[in-house]
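Structural characterization, general
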There are 2 protein chains.
Amino acid sequence: MKIDLNRNTNISLPKQIYQSIADRISSGLIEKGSKLPSVRSLSKTLKVSMVTVVKAYSMLEEDNFISTIQGKGTFVQSEKIMNNKDHDNDLISLDWQLSIADHLPRAQFWRQNISLTTKSQIWLSAASVHSSLLPEHLISRHISSFILKNPDILSEYGPVQGDLDLRDTIADYLKSSDISVSKNEIIITNGSQQAINLVARTFIGAGDIVVMEAPTYTAAIDVFRWQGATILSVPVDKDGMRIDLLLRLCDTYSPKLIYTIPTYHNPTGTVMSMQRRKELIDIAKNFNCLIVEDDPWREISFERNPLPTLKSMDTDGHVIYIKGFSKFLSPGCRIGTLVASGSILNRLIAAKTNSDLGSSLLTQKALLPFVQLDFMKKHLKSLNITLFNRRNLVLELLKEHMPSTVKWTSPMGGPNIWITLPSWLSAESLVFEAQNNNIAFLAGSTCYSSEPEFNHIRISFSSLEQEQLEKSIITLSKIISSFINKKNNIENIPIV
Amino acid sequence: MKIDLNRNTNISLPKQIYQSIADRISSGLIEKGSKLPSVRSLSKTLKVSMVTVVKAYSMLEEDNFISTIQGKGTFVQSEKIMNNKDHDNDLISLDWQLSIADHLPRAQFWRQNISLTTKSQIWLSAASVHSSLLPEHLISRHISSFILKNPDILSEYGPVQGDLDLRDTIADYLKSSDISVSKNEIIITNGSQQAINLVARTFIGAGDIVVMEAPTYTAAIDVFRWQGATILSVPVDKDGMRIDLLLRLCDTYSPKLIYTIPTYHNPTGTVMSMQRRKELIDIAKNFNCLIVEDDPWREISFERNPLPTLKSMDTDGHVIYIKGFSKFLSPGCRIGTLVASGSILNRLIAAKTNSDLGSSLLTQKALLPFVQLDFMKKHLKSLNITLFNRRNLVLELLKEHMPSTVKWTSPMGGPNIWITLPSWLSAESLVFEAQNNNIAFLAGSTCYSSEPEFNHIRISFSSLEQEQLEKSIITLSKIISSFINKKNNIENIPIV
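Residues numbered from 1 in each chain as written. Chains lettered and ligands numbered in written order. Predicted model: local features only at pLDDT ≥ 70, side-chain atom pairs only at ≥ 80, totals over all residues. Heavy atoms only, no water.

**Overview of the packing of aromatic side chains**
Which entries qualify depends on this criterion: Whether two aromatic rings pair depends on their centres lying within 6.5 Å, for rings of Phe, Tyr and Trp, where Trp uses its six-membered ring; planes under 30 degrees apart make the pair stacked, over 60 edge-to-face, and the rest tilted. Only DSSP runs of H or I reaching four residues or more are called helices, and only runs of E reaching two or more are called strands; each is numbered from the N terminus. Three exposure classes are used, based on accessible area relative to the maximum for each residue type with a 1.4 Å probe and protein chains only: buried under 20%, partly exposed in between, and exposed over 50%.
Applying the stated criterion across every chain, the model contains 14 aromatic pairs over all chains. Aromatic pair tyrosine 18 of chain A and phenylalanine 65 of chain A: ring centres 6.2 Å apart, planes at 75°, arrangement edge-to-face. Here tyrosine 18 of chain A is found in helix H1 (residues 13–27), whereas its partner phenylalanine 65 of chain A is found in the loop between helix H3 (50–62) and strand S1 (66–69), with 47 residues between them in sequence. For tyrosine 18 of chain A, a relative accessible area of 11% gives the class buried. Among the residues examined, phenylalanine 65 of chain A registers a relative accessible area of 19% and is labelled buried. Ring plane angle 40° and centroid distance 6.4 Å describe the contact between phenylalanine 302 of chain B and phenylalanine 461 of chain B, whose orientation is recorded as tilted. Of this pair, phenylalanine 302 of chain B sits in the loop between strand S9 (290–294) and strand S10 (319–324) while phenylalanine 461 of chain B sits in the loop between strand S16 (456–460) and helix H15 (466–492), placing them 159 residues apart in sequence. Comparing phenylalanine 302 of chain B with phenylalanine 461 of chain B, the two get one shared label, buried. Three or more aromatic residues joined by ring pairs make a cluster, and in this case those are Tyr173, Phe325 and Phe328 of chain A.

Below you can see the structure in the form of structure tokens.
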């Protein structure tokens, strides 16, 4: 097992080993029922004392990740230990592959994705927009006529940095967010996920310190952990990232990069205040670090003018801005963009080259007319009216059907509502019952890079049709109520 | 400056520092005219002695990468030192960005790409197929009608692993290369470059040993170096990789991964013999390592049956097979595939998730009918007749116009001819004169992971129209002749 240990932090070695193994188990990268290496062998591999490994294993056992069977070894917890050999390729001849170490400490988004596509039909968990609200018919008509006139784009590698016309159009579009850049400062990516990935891979290595909000976007955690980053979590309150706590961390640590979703934050839906935005830019300047501003939901806004982007307040190239066009235009095209300047930009273009030699020209040309500001304004206007109504519907239903001990956020934009259960109730304990009702939600614990809180749920009101949305919110409320009632009943039994 | 030093190899520290800085200069990641850190400061950053840095700088100076100006410092060599400030963003306010270390030791394909797109019009360097030979009209008609009937694919995220129908069709298609896999063992990627990248990023970390052919595909070197791999180069002769030398290396080093292009090798066009294929599989079994078989050109074959793929001879999941569909179908769609099994496969799917959440459904559906075996057979038959004629034409022209001291390969497949100049003549010295004639070729030195040979040129006969091809080969031959004649004339002057 490959674990990158960092001996220059305040985080103890047992804790680091614990985190790494816990992540791999949560991600499904270590399968349930697998045998872990012996204490002696792991201590040898990692060059740490046996006491360190024993401590890590005890913590894992305490948190029910693993269990030790006397005389047999230490196993990953599972309802049916050693009874999960249902994979096609689980042949003895492939066993040698386990000796090939990998560098994937965590891939929880992957696991979440698998569970989504196989087990449930009603995805309260999908933070995407229902197809009936997207301009798929317009886009398809455009593609259909465009490609007949321009078959030559099928035989071309476009520029690595992205199609010039699209970059021009995006530069224009970004002006509506007060971001004034030229097409030379824009890189086209395969969705915003690739953009995050390019940044992480170019600038982050083992032990580099990355600051993230807690909670934050699951797949961004996966990517920074993949690079071996030491992640510092800064809690979010109703005004966004707690900059006061960040500042205190900066006294001890020297962050290289701060990843933030300041506007309609994922998963909580909150907005970073203007004051904090200014302070964050100041911190980046003072500590010479990069800010990655991930801005997926600014377009889905229920207020007239969302607060300005960090990028628009950036004078010295500290902010790398990421915008995906999958969410509110076309997931099937996978187009995103990365905005940066100076040598940071140059190095990101080199990284894009190494990664895939550039995005598909077809998908870039497919979206081109729809990224234009005129179209987007019209499209977003009607989309936002619908989603605002959906949001209000969900908020009313929650008020009506949820027990009083359950709380939630009321987002002013974006598709996400963050539900907080009583602290004793783990969202994961609801998953099974929800699945029985064909409902999938996002368990909040996957949104933490360490020390997860287990009593949160993220639901998204944008990906379902109205009827399904209503039904599923009521059902989910009932499931939660029944769990809370059961506990109350138990507490009410007098001890005699 | 960030340099990963590996203290557990036979390669000396000065040599490692030399290689790392030389790569960054060749890649353009350190711009010409830049000032390098002082000996004292670099020795401090890297925690090595000052003598080590002095040795590295001397080697760099000897090879004309840098020059020292007394009292001023050490600068990257440039025709016009400090006179390259033509970038839009070269503002003083961005200077702080240079303090952000990156993890990109080398990105030579990027530089090559930039020079291609800006300076020359006739690309003997592009190993792609001219658009007139690709089925762009058929594909465009398919897309045009398909998208009108199926606009819904624009609003869907497809499965991360790839569209099920496309994976099914590819599984079928691969049977023609004797590769029998199910759709579950196939991942769709954004071209083969992403496939190489996913493998490198998942399994290779600092100090892991990767074996590559010398010469090999430039952008694959970039990717493995990016991961901090220690690359061992094994020379190629007319029967492909020298397995005898590889075996000798394996006695000392323990390779984790062997990257090979066994069929119509890039850049030399050679084919690995059957005997060596068997031996290579044996080595992977005996040393428990992975083979990455990159197979871009099998389809462009001038013989009836190319030798079997390594993947078809693989019984235990040692071979990861990579096939791109850009080259002979549609560069504009950027579709490639990665074939693997067991836990190696699972970890690659997790990596694909982290990287971009899956490829575009639009491009996958666009290519679907054209990956079918029936179509492909017909398409390749006529394509191969044309390319075979082009190849023969080029070989004849070379014979007629090149000086007798120049040699070249006669490929039985693929688009590449590897030209070897007299050992004293560096391909890079021809670049300027070639550019004056609007011709771009690939200088062979970028195809080596270390210790480049400078007297090779790769030309590709597939991307030009016949007339341009003829003209450019004759011009290139004349340029080379004139360089050789000049030298001969100098040698012929009697010393008096």
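**Focus on the sheet that holds strand S12 (residues 407–408) of chain A**
Residues and elements named next belong to chain A. So the rule is basically this: One requirement defines pairing of two strands: DSSP has to find at least two bridges between them. In this analysis, two residues are considered to be in contact whenever any of their non-hydrogen atoms come within 4.5 Å of each other. For helices, the fitted axis covers only the stretch in contact; all axes are lines through C-alpha atoms, and the angles between them, taken along N-to-C directions, range from 0 to 180 degrees.
Ordered in space as S12-S13-S16-S15, the 4 strands form an open sheet in which the pairing is antiparallel. Among the strands making up the open sheet, the edge pair consists of S12 and strand S15 (442–443). Here strand S13 (residues 416–420) pairs with strand S16 (residues 456–460) via 5 bridges, running antiparallel. Opposite isoleucine 419, over in S16, you have isoleucine 457 as the bridge partner. Across the sheet, helix H13 (residues 373–401) is in contact with S12, S13 and S16; its angle to S13 comes to roughly 15°.

**Observations concerning the relation of the copies chain A and chain B**
Applicable threshold: The fit set for superposing copies consists of C-alpha atoms from residues with pLDDT of at least 70 in both; the fit itself is least squares.
In the superposition of chain A on chain B (RMSD 0.1 Å, axial shift 0.0 Å), the rotation amounts to 180°. Overall, the copies show the geometry of a two-fold rotation axis. If distances are taken from each C-alpha of chain A to the rotation axis, the shortest is found for serine 144 of chain A, at 1.9 Å. In this assembly the copies share their binding face: 99% of the residues contributing to the interface of chain A also contribute to that of chain B.

**Details of the domain arrangement of chain A**
All names here are of chain A. Here is the rule: The split into domains, and so the bounds of each, comes from an automatic or database assignment of domains. Summed over both partners, the accessible area (1.4 Å probe) lost when two parts come together is defined as the buried area. Between Lys or Arg on one side and Asp or Glu on the other, a salt bridge is scored when a side-chain nitrogen of the former is within 4 Å of a carboxyl oxygen of the latter. For the purposes of these results, a polar contact is taken to be a pair of N or O atoms within 3.5 Å, where, inside protein, one atom must be able to donate a hydrogen and its partner to accept one; residues adjacent in sequence count only when each atom of the pair is a side-chain atom. Lys, Arg, Asp and Glu make up the charged group, whereas Ala, Val, Leu, Ile, Met, Phe, Trp, Tyr, Cys and Pro make up the nonpolar group; the residues left over, Gly among them, are polar.
What the domain assignment lists for chain A is domain 1 (13–105), domain 2 (111–133 + 376–486) and domain 3 (136–371). Taking the mean C-alpha position of each, domain 2 and domain 3 sit 25 Å from one another. Taken together, the contact between domain 2 and domain 3 spans 28 residues of the former and 27 residues of the latter. Both sides together, the interface formed by domain 2 and domain 3 hides about 2400 Å², and carbon and sulfur atoms give 62% of it. Broken down residue by residue, the surface that domain 2 buries against domain 3 is led by Met376, Met412 and Ser449, which jointly contribute 27%. Linking domain 2 with domain 3 are 0 salt bridges. There are 11 residue pairs in polar contact (both at pLDDT 80 or more) connecting domain 2 and domain 3. For the side of domain 2 that touches domain 3, the secondary-structure elements that each account for two or more residues are H13 and S13. For the side of domain 2 that touches domain 3, the leading source of residues is H13, giving 8 residues. Partitioned by chemical class, the residues of the side of domain 2 that touches domain 3 number 15 nonpolar, 11 polar and 2 charged.

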